[in-house]
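Coordinates in review
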Amino acid sequence: MADSREQEQAQPLLLPASDSNSKPTQFQRPPRVASLDVFRGLSVFLMMVVDYGGSIFPMIAHAPWNGIHLADLVMPFFLFIAGVSLALVYKTRPPRRLAATSQALLRALKLFAVGILLQGGYFHGVNSFTFGVDIQTIRWLGILQRISIGYIVAALCEIWLPPPRCKEHKFDLRSYFSHWFVAVTLLALYSGLLYGLYVPDWQFPESISTSSFPQIDGDIIYTVNCSVRGDLGPACNSAGMIDRYVLGINHLYRKPVYRNLKECNMSTKGQVSDTSPPWCHSPFDPEGILSSITAAVSCIIGLQYGHVLAHLQEHKGRLNQWLWLSASFSALGFFLALIGIPLNKSLYTISYMLITSAASGLTFIALYVLVDVNGHRRLTSVLEWMGKHSLSIFVLVSSNMIVIAIQGFYWTKPENNIIHWIVTRFVHT
């Protein structure tokens, strides 16, 4: 069947999508939605720009804590695209739901495993050309792991929840009530854990800190005074507490972005001063357990945009539905921000999730009008190519293979290479 063929071609990261306007035969590979490929390529391109240019231009790097910079849009873009693609993959309800669930779980596990390999610390020695990771300090969560979690949550919604009951030839997003119910339930669970859990004082040894001073026999213990509930600061939030208890502090990200806050007095070499508050030295994972709950909702929202693409045939009808969704999410997100729920990527707050989902929707609308409505594919051909090879490019960038390849060409001495020149010229000055 055509639908099972589409499912076989699906990949969890930025799924290849079929065009809802055509019905592929059993012997024909389903065509792709060009604007979705362009969106994939744009997301990968932005990831490269902020990864390599963020240290040179801090305004595009991740916001130190509250706020949204360019880099803070990349993860929501990935999740949104995965959701849109799922709606096209499961355009028709799979007849064998257990088999479809097994396939989705297997894809998610594969993506999770690749994420551990890329961001767990295996490719860590860019400057020394070394590799390998200590299992005691491996990072379990990361970008691909988060996408795999959002993917499987949205896939299970699409496979198992009751299909919509729409009138003939009439599509209505409200008919996906069960999907919205899951999203609201996840947001309620997230809010209860974020604001309701009590965070006690906690400690960690200097051996896992980011201190710029050498370790002294491993006897120094940092103490973070909390004893609060509902704190959304970098030191005493419940998201960090959950990760420390469940994952272990040794397995969290060692270079959290909040080190760029003024309180942490971080040097140009990326080291935190020993006079900074204790929490500045602690690891913290921006792709942690609690924030993955709201990240999964981003994928469910993308799924609803995909339903519009899959079941409405006219451009005008699609654009009207998408604009209505984006305007609603944007208004609600800004309202929550005004009443005190900050825009925070590290915690993936509800206001941040809504506004970045709206931004994802508006970006997709612009690309859809440019590429699929007006047919300007030549203007975006490079991005479309990147979108078709997004996972391969992601692997090369995340593993630093591109940097290592460029760094391998030098003049007279290994230090005389382009990468070393850029780091010393722009990053350490």
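Right, let's walk through the structure included here. (Residues numbered from 1 in each chain as written. Predicted model: local features only at pLDDT ≥ 70, side-chain atom pairs only at ≥ 80, totals over all residues. Heavy atoms only, no water.)

A positive phi is found at Ser227, a non-glycine position, where the angle reads about 50 degrees. Positive phi values are uncommon outside glycine, yet Tyr348 reaches one of about 50 degrees. Secondary-structure assignment places Tyr348 in the loop between helix 9 (315-338) and helix 10 (350-373). With a relative accessible area of 0%, Tyr348 lands in the buried category. (Helix = DSSP H or I, 4+ residues; strand = E, 2+ residues; numbered from the N terminus. Buried < 20%, exposed > 50% of the residue type's maximum accessible area, 1.4 Å probe, protein only.)

On to the pairing of strand 2 (residues 202-205). Looking along a regular strand, one sees side chains alternate from face to face of the sheet. Burial along strand 2 is one-sided: the residues Trp202 and Phe204 are buried and none of Gln203 and Pro205 is. Bridging between strand 2 and strand 3 (residues 221-224) involves four bridges; their strand directions are antiparallel. In the strand pairing of strand 3, Gln203 is matched with Thr223. (Pairing = 2+ DSSP bridges.)

One turn of an α-helix holds 3.6 residues; hence residues three or four places apart share an orientation. Along helix 12 (residues 390-398), the residues classified as buried are Ser390, Ile393, Phe394, Val397 and Ser398. Each buried residue of helix 12 lies within a common arc of 125 degrees when the element is viewed along its axis, so the set occupies one face. (Arc of directions from axis to C-beta.)

Note on placement: Thr101 falls in helix 4 (residues 97-119). If near-sequence neighbours (up to four positions away) are discounted, Thr101 is found in contact with Leu156, Ile159 and Trp160. (Contact = heavy atoms within 4.5 Å.)

Attention now moves to the state of the cysteines. In total, this model carries two disulfides according to the counting rule given. The disulfide that involves Cys226 links it to Cys236, with 2.1 Å between the sulfurs. With the S-S dihedral at roughly -85 degrees, the linkage between Cys226 and Cys236 falls on the left-handed side. On the criterion of sequence distance, the pair formed by Cys226 in the loop between strand 3 and strand 4 (228-229) and Cys236 in the loop between strand 4 and helix 7 (238-246) is long-range, its members being ten residues apart. Of the residues examined, Cys226 reaches a relative accessible area of 10% and is grouped as buried. With a sulfur-sulfur separation of 2.1 Å, Cys264 is cross-linked through a disulfide to Cys280. (Disulfide = S-S within 2.5 Å.)

Bringing the environment of Leu312 into the picture now. Here Leu312 is to be found in the loop between helix 8 (289-311) and helix 9. Residues Leu312 and Asp172, spaced 140 residues apart in sequence, show a C-alpha to C-alpha distance of 9.7 Å.

Given a rise of 1.5 Å per residue, 18 residues ought to cover 26 Å, and the 26 Å separating the end C-alpha atoms of helix 5 (residues 143-160) matches this to within 8%. Burial within helix 5 is extensive, with 14 of its 18 residues counted as buried. (Expected span 1.5 Å × (residues − 1).)

Where helix 8 contacts helix 10, the axes come no closer than 10 Å and their chain directions differ by 30 degrees. Here helix 8 lies roughly parallel to helix 10, going by the angle between them. Note on packing geometry: the crossing formed by helix 8 with helix 10 is right-handed. Across the interface between the two elements, Thr294, Val297, Ser298, Ile301, Tyr305 and Leu309 of helix 8 pack against Ile350, Met353, Ser357, Gly361, Phe364 and Tyr368 of helix 10. In terms of residue class, the contact of helix 8 with helix 10 is built from eight nonpolar, four polar and no charged. (Axes fitted to C-alpha atoms, helices over the stretch in contact; angles between N-to-C directions. Parallel < 35°, antiparallel > 145°, perpendicular 65-115°, else oblique. Left-handed = near helix turned anticlockwise from the far one by under 90°. Nonpolar A, V, L, I, M, F, W, Y, C, P; charged D, E, K, R; others polar.)

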